[in-house]
Amino acid sequence: MKISDLIHPELICLDLNSTTKHAVFNEMAEYLFRAGKIHQPHAFVQEVLKREATGNTGFEGGVALPHAKCASVLSPAVMIGISREGIDYGAEDDKPTHLLLMIASPERACEAHIEILAQLSARLVDDDSVSRILACRTEQEVIDYFCRPDAAGEEAPSSRPSRGLIIGVTGCPVGIAHTYLAAEMLEKAAAEMGYEAIVETNGSIGVKNAPTPGDIARAEAIVVACDKQVDLHRFSGKKVVITGVKAAIKDAKGLIQQALASTPQQASATAKNAAQPASSAGSQLYKSLMNGVSYMIPFVVTGGLMIALSLALGGVPTASGLAIPEGSLWNQVLNVGVVGFTLMIPVLAGYIAYAIGERPALAPGFIGGWIANTGTFYGASAGCGFIGAIIAGLLVGYFIKWLTHFSWHKMLQPLVPIMIAPIAGTAFIAALFIFVIGAPVADLMAFLNHLLTNLSTGNIILIGLVMGLMQGFDMGGPFGKVVFMFSVGLIAQGQTQFMGAQAAAIPVAPLGMALAAFIGKRFNLFDEEEYENGKAAAAMGLVGISEGAIPFAARDPLSVIPANMIGSAVACVLGFVFGLNCNVAHGGPIIVLLGGFDKPLMALLAMACGTITTAVIAIALKRLKMAKKQQILIQSQI
């Protein structure tokens, strides 16, 4: 792939009509649409706005690089627009933006495509690049500027006497434009100062050009210009400056000088600075949560699908629930799946903690997540589930971050990341759950069980509403387990209508979120990863595994949990209204298939109504949330 493959005359406008940031996005997207590079221009613009919400893509000097990587892009392209009057883009120098390069990337951008974008970024590092492009009077002149071969006759940096090695690390949330433009600026600045440069890029195609331990050992200084999580412990003992990616684009030479003048960083100091200054507290919290969710998802999918497969093909309805014969092949498949499900909660907690407190927080995060999910540690009949894991991960992460903030004695410094911090963090979170958090959780579960017992002789609509709300709240967590154990206990007394109502509510959360992901992806409310998670959630929902909805709830609890609760309540209330009876301690359509319901068609209807309710509410809440963000962004640009 060459630069000319991304830039075409029909994708160049020498005089944009728009005068506002939002309007210019729409105008440039129309060029991409007419050239057949994108479909649904409105959806593409929404993705561009979403990227802008994470950080303005306008730079000093009058240039901006709005971009998006999404399903609306049919083939990679760059639209170049020139505004003669200038646009108030929100650049840090408060000056108008005249040159805009709108980059459209497919969801699965290839490595060659990203490398070409890096070359395009290199054309913008010259001091006079913007003025030279603005001076172009034809589309072909613009193309010639970007497609020109590198100037010949310049002395290559490698032929000059080197003053030493400078290592750079760049990365932005999307990993397309800023990552490579910052890398080019660092390389150029280092060469001008007489230094050799190795710049690691953390882009959308992964980590490239990573320095070796030998490179790090001989480096004079390290410049980390990154807005995403990177391993900083490898730079312990070196001169390091840590900042956001835009700082390298703005003043790469100044950052190198700052790094050279700094004092060597120890592990604790490096970890202390791991959170980038450019990120707000809310943004850092969200990134930490997403870090845990991304590592948890493979465990949810693997464990959930193996359990679903074993139940679907080897499950036998019994009085105590859906069982798989001991010693059978499917029983072994079930056991392996249970391992995955058992690990998913500690993994969620561990990697949330890791994102905040770096490597010293990983072990106590895992252990804290395990304790949070195991009620026997604090006398409860069930653990705190994924909500407890999130709490454990955040508490451990910030505790370790605070602990490593101190300037430890040089004799103790090597022990901090491998012994002092992990042991102190583990003792902290274990004591907190066992002696502080655990007792209220156990009391709450006892109260909920008592509440259900008192309601069981009253209005069926009220009991169905309470059971459904509890079932949908934490998807297999303590609230759902209280309802489940309550319903199972009544089966032994011959009261199977409670299990019938709950069995209809159990699959609603995963099936509802799967349906929401399938529909919502068309409106760019769910990304590709969530769409794929929806497939796994659908499979789990069919066999009554409510945990399939946890990745959605952990990612966006304010939209997903209310939708799950209301949908589950609808299914549970309908279960009572329809008079469903179920003598199998399980739920989902698989119980209908195995003959566990006395009214199979009515059971499916209750599940379908709950599923649709959850999907509709989840989509509505996500659209409301997206519209609010876009409105705030638009108002900030006026």
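Only a predicted model underlies this, so the values are computations on that prediction, with no experimental measurement involved.

What about the packing of helix 18 (residues 508-520) against helix 19 (residues 528-542)?
Relative orientation of the contacting elements helix 18 and helix 19 amounts to 150°, with a least axis distance of 8 Å. By the angle between their directions, the pair helix 18 and helix 19 is classed as roughly antiparallel. The chirality of how helix 18 crosses helix 19 is left-handed. Contact with helix 18, carried on its side by P510, L511, A514, A517 and F518, involves E530, Y531, G534, K535, A537, A538, G541 and L542 of helix 19 and no other residues of that element. Considered class by class, the residues forming the contact of helix 18 with helix 19 number 9 nonpolar, 2 polar and 2 charged.

A word on the environment of I297
With respect to the helices and strands, I297 occurs in helix 10 (residues 281-314). Leaving out residues up to four positions away in the same chain, I297 has contacts with E529, N533 and P551.

A word on the packing of helix 14 (residues 416-455) against helix 15 (residues 460-474)
Two elements in contact, helix 14 and helix 15, have axes separated by 9 Å at closest approach and are oriented at 155°. Classified by the angle between their axes, helix 14 and helix 15 sit roughly antiparallel to one another. Remark: the crossing between helix 14 and helix 15 carries left-handed chirality. Between helix 14, through L448, L451, L452 and L455, and helix 15, the contact on the second element is made entirely by L462, I463, V466, M467 and M470. Looking at the contact of helix 14 with helix 15, its residues break down into 9 nonpolar, no polar and no charged.

Quick notes on the environment of R148
With respect to the secondary-structure elements, R148 resides in the loop between helix 5 (139-147) and strand 7 (165-171). Here R148 falls in the partly exposed class, since its relative accessible area comes to 22%. Each C-alpha atom of the pair R148 and R123 lies 9.2 Å from the other, and the pair is 25 residues apart in sequence.

Describing the UniProt feature "transmembrane region" (unreviewed entry) in the chain
Taken from the UniProt record, the annotation "transmembrane region" (unreviewed entry) applies to residues 293-313, 333-356, 377-400, 420-439, 451-469, 504-524, 561-581 and 601-621. Between the end C-alpha atoms of residues 601-621 there is a gap of 30 Å, over a span that is 100% helix and 0% strand.

A word on the pairing of strand 11 (residues 240-243)
Residue alternation in strand 11 divides its side chains into two sets, V240 and I242 and V241 and T243, and both sets are buried. Bridge count between strand 10 (residues 219-226) and strand 11: 4 bridges; the pairing is parallel. Opposite A225, over in strand 11, you have T243 as the bridge partner.

Here we look at helix 11 (residues 329-357)
Along an α-helix, a turn takes 3.6 residues, which lines up residues three or four apart on a common side. Spanning 29 residues, helix 11 covers 42 Å between terminal C-alpha atoms, matching the ideal 42 Å at 1.5 Å per step. Along its length, helix 11 shows its largest kink, about 30°, at M344, and proline P346 lies within four residues downstream of that point. Just downstream of helix 11, E358 is the residue with a positive phi angle, here 65°.

Topic: unusual backbone geometry
Residue Q40 is not a glycine yet carries a positive backbone phi of 55°. Within the secondary structure, Q40 sits in the loop between helix 1 (21-34) and helix 2 (41-54). In this structure Q40 comes out as partly exposed when scored by relative accessible area, which is 40%. Even without glycine at this site, E358 takes up a positive phi of about 65°.

What to know about the packing of aromatic side chains
When we look at a pair of aromatic rings, we describe it by the centre distance and by the angle of the planes. Applying the stated criterion across every chain, the model contains 13 aromatic pairs. With centroids separated by 6.0 Å and ring planes inclined at 75°, the aromatic side chains of Y351 and Y354 adopt a geometry described as edge-to-face. Here Y351 pairs with Y354, and both are found in helix 11, just 3 residues apart, close to one helical turn. Y354 shares its class with Y351; the two are buried. Seen from their ring centres, F486 and F498 are 5.9 Å apart, and the 90° between their planes marks the pair as edge-to-face.

Looking at a nonpolar patch on the surface
Together, M411, L412, L415, I418, M419 and I423 make up an exposed nonpolar region whose accessible area comes to about 600 Å². Considering the arrangement of structural elements, one finds M419 in helix 14. Given a relative accessible area of 43%, M419 falls into the partly exposed group.

Quick notes on the pairing of strand 8 (residues 196-203)
The two faces of a sheet get side chains in turn, since along a regular strand they alternate between them. Counting buried positions along strand 8 yields 6 of 8 residues, so the element is predominantly enclosed. As defined by bridge partners, strand 7 adjoins strand 8 across 6 bridges and the pair is classed as parallel. Pairing of I167 across the sheet is with I198, part of strand 8.

Quick look at the nonpolar core
Formed by 105 residues in total, the largest nonpolar core has its most connected members in F386, L452 and F597. The dominant element in this core, judged by the number of residues it contributes, is helix 14, at 11 residues. Split by domain, this core shows at least three residues from each of two domains, domain 3 (284-296 + 333-438) and domain 4 (460-637). Look past the residues within four positions of F386 in its chain and what remains in contact with it is I345, L348, D474, M475, I550, A553, A554 and I561.

Observations concerning the pattern of salt bridges
One pass over the structure, following the stated rule, counts 11 salt bridges. With its nearest N and O atoms 3.4 Å apart, the salt bridge here joins R218 to E196. Here E196 lies in strand 8 and R218 lies in helix 7 (residues 213-218), a separation of 22 residues in the sequence. R218 gets classed as partly exposed once you look at its relative accessible area, which sits at 42%. According to the relative accessible area criterion, E196 is partly exposed, its value standing at 34%. The salt bridge partner of D215 is R218, with a shortest N-O separation of 3.9 Å.

Describing the environment of Q257
Locating Q257 in the fold gives a position in helix 8 (residues 245-261). On the basis of relative accessible area, Q257 is assigned to the partly exposed category, the value being 44%. Separated by 34 residues in sequence, Q257 and V223 have C-alpha atoms that sit 9.8 Å apart.

Cut-offs and rules
- Residues numbered from 1 in each chain as written.
- Predicted model: local features only at pLDDT ≥ 70, side-chain atom pairs only at ≥ 80, totals over all residues.
- Heavy atoms only, no water.
- Axes fitted to C-alpha atoms, helices over the stretch in contact; angles between N-to-C directions.
- Helix = DSSP H or I, 4+ residues; strand = E, 2+ residues; numbered from the N terminus.
- Parallel < 35°, antiparallel > 145°, perpendicular 65-115°, else oblique.
- Left-handed = near helix turned anticlockwise from the far one by under 90°.
- Contact = heavy atoms within 4.5 Å.
- Nonpolar A, V, L, I, M, F, W, Y, C, P; charged D, E, K, R; others polar.
- Buried < 20%, exposed > 50% of the residue type's maximum accessible area, 1.4 Å probe, protein only.
- UniProt positions renumbered as here; feature names shortened; annotations may be inferred.
- Pairing = 2+ DSSP bridges.
- Expected span 1.5 Å × (residues − 1).
- Bend = angle between axes of the 7 residues up to and from the residue.
- Phe/Tyr/Trp six-rings, centres within 6.5 Å; stacked < 30°, edge-to-face > 60°.
- Patch = residues over 30% accessible without salt bridge, like charges linked within 9 Å, V, L, I, M, F, W, Y side chains within 5 Å.
- Areas by Shrake-Rupley, 256 points an atom, 1.4 Å probe, with all protein chains shown as cover.
- Salt bridge = Lys/Arg side-chain N within 4 Å of Asp/Glu carboxyl O.
- Core = buried A, V, L, I, M, F, W, Y, C linked by side-chain atoms within 4.5 Å.
- Domains from an automatic or database assignment.

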